[in-house]
Amino acid sequence: MTQPHYGQTGSPLLWRLVAFGVRVFYRVERSGPPVPDGALVIVANHPNTLLDPSVIQTTTGRPVRFLAKSTLFHGVLGAIVRRSGAIPIYRKMDAGVDTARNDEMFAAVHDALKDQHAICLFPEGISHVSGRLEPLRTGAARMVLASTAAGHPVSIVPVGLNFDRLPIFRSRVVVTFGPPFDAADLVDQFADDPHGATRALTDRIADRLRAMLVEADPRGDLKLVARVDRLYSAARGVSSDPAERVRRRQLIATGLDRLRQEDPARLEALQGALQTYDAQLRAFGLRDSDLDHHPPAAQVARFLVREGVRALVLAPLAVVGVCGFAPPYWLTAAFSQTAPDLQSRATWKVMGGVVIYGVWMMLLATSAGLRFGLGAGLATGLGLPVLALAGLAAFEREAAAFKLVRAFLASRQTPLRARASLKRQRTSIATVLDQTQAWYFPSSRLVQPAQRPSRCDAGLPPRAASPQLGSSGH
């Protein structure tokens, strides 16, 4: 049996192509410090199957070698996985796998860390969309402790992959890198009590990793958390920095979860107030941020002239891009719906898209060649990928301009009293969030310390009396 080649960090060309594909599919935002040089173990959550390594490699800033399940080294993906520099891990859950070969995996990891490589693994052991960090396996801790004990110190970097809408094209992912830490203080314990040291480091990794994540079910609570964050951000004028956004959403998610457990009536009232507010926004064609903008007519006129000139070029390009690539777009979306689960859907969409778009462009190029000659066919084949990317950029630019114009017109048509009423509703909901944060987490603030006002703000019922919800410091 052919052994995987462990001695290289992967093909640079392959990873450049991967990074390009990731940035086309997602709007990628990175936060956190740069990763250090030297031997490194990156640990991350795993919500998105094969795309998670791609997102991490795209944002780490240095070559990374991944631990991948051994079954991926065979079949259609085998050649690509081997070229990536990955190291196989042999899992009990995979049929026909010899787990005794994990000795080879640990030896390969040891050699890689000795050579100052960066290793990445997903210590949950499975890809899932529970929205929570699942219990961690101990493999990462064992690798770090064994290497450190052998005289090769290793840094550990936790990475949180926070997807807004996991399988959606051009949705956002915030990749949150935590500060590096190590296990030097556990080396002596590892010599005397390997199990205890490994467990202690695994718990430490879980705590550091959880601090990088917004823990909320992507099929339910995550949408509510994102909606509340947008409202709160508009009401308080907070920073749009990705790290600050993740921190806010962590606090919002935890606060909503606590309300659900300890004061469900208040959570229901909050959701009702939010639904009423959203219904009124839709009725006037407004968004949260539109309530705060009322630009003068001269500024709007300059904007319309500038965007009108740009639209002479960008609008036709956007139309050609949309019309020319609508069939493969729909086919790719339909193909992704056949994925077995939500965490696989984005991977299926990307892999299916590569094939479907490739076939589509080959058909168009062949048709042009048959109709107008070989030169036209070659030019079409080379020009179509450029047209696809340019059309996407033009479409997004024109769509953003259209939204601004629509928001201005909607704002002008909305009576001042209605705007003021909507702003009061928004402020009331944001105040309730501040109250909730102050009651449950007095040491953490969404923006600033909140006063403890009356409990009937925003028309919400008084908070249920409970000794657990007072000021004693939850």
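Higher on the page you've got the structure.
Residues numbered from 1 in each chain as written. Predicted model: local features only at pLDDT ≥ 70, side-chain atom pairs only at ≥ 80, totals over all residues. Heavy atoms only, no water.

Here we take up the sheet that holds strand β6 (residues 155–163). Through backbone hydrogen bonds, the strands of a sheet pair up, either in parallel or in antiparallel fashion. Taken in spatial order, the seven strands make up an open sheet running β1-β7-β6-β2-β5-β3-β4, and their pairing is mixed. Sheet topology places β1 (27–31) and β4 (87–89) at the edges, where each strand pairs with a single neighbour. The mean inter-strand angle of the sheet, taken between neighbouring strand axes irrespective of direction, is 25°. Note: β1 against strand β7 (residues 172–177), five bridges, orientation parallel. Bridge pairing in β7 places Arg 30 opposite Val 175. Across the sheet, helix α2 (residues 51–60) is in contact with β1, β2 (40–44), β3 (65–69), β5 (118–121), β6 and β7; its angle to β6 comes to roughly 115°. (Pairing = 2+ DSSP bridges. Helix = DSSP H or I, 4+ residues; strand = E, 2+ residues; numbered from the N terminus. Axes fitted to C-alpha atoms, helices over the stretch in contact; angles between N-to-C directions. Contact = heavy atoms within 4.5 Å.)

All right, on to the nonpolar core then. With 33 residues, the main nonpolar core has Val 225, Leu 256, Leu 270, Leu 274, Tyr 277 and Ile 429 as its most contacted residues. Counting only elements with at least two residues in this core, the list comes to α8 (221–236), α9 (242–262), α10 (264–284) and α14 (416–440). The greatest single-element share of this core, amounting to seven residues, is contributed by α8. Ignoring anything within four residues of it in the chain, the contact list for Val 225 reads Val 214, Ala 216, Arg 249, Ile 252, Ala 253 and Leu 256. One finds Ala 39, Val 41, Ala 183 and Leu 186 within the second-largest nonpolar core, a separate group that totals 31 residues. (Core = buried A, V, L, I, M, F, W, Y, C linked by side-chain atoms within 4.5 Å. Buried < 20%, exposed > 50% of the residue type's maximum accessible area, 1.4 Å probe, protein only.)

Before going further, it helps to spend a moment on the packing of aromatic side chains. The full count for this structure, using the stated rule, is seven aromatic pairs. Ring geometry for Tyr 26 versus Phe 163: centroids 5.2 Å apart, planes at 55°, classification tilted. Of this pair, Tyr 26 sits in the loop between α1 (12–25) and β1 while Phe 163 sits in strand β6, and the two are 137 residues apart along the sequence. When sorted by exposure, Tyr 26 lands in the same class as Phe 163, which is buried. (Phe/Tyr/Trp six-rings, centres within 6.5 Å; stacked < 30°, edge-to-face > 60°.)

Attention now goes to the pairing of β3. The buried fraction of β3 is high, at four of five residues. In this sheet, β5 lies alongside β3 in parallel orientation, the contact comprising two bridges. Bridging across to β5, Arg 65 finds its partner in Ile 119. Two strands pair when backbone bridges link them, and β3 and β4 are joined in this way by three bridges, in the parallel orientation. Following the sheet pairing, Ala 68 is matched in β4 by Pro 88. Taking the sense of rotation as the criterion, the β-α-β connection linking β3, helix α3 (residues 78–83) and β4 turns out right-handed. (Right-handed = clockwise from strand over helix to strand, strands pointing away.)

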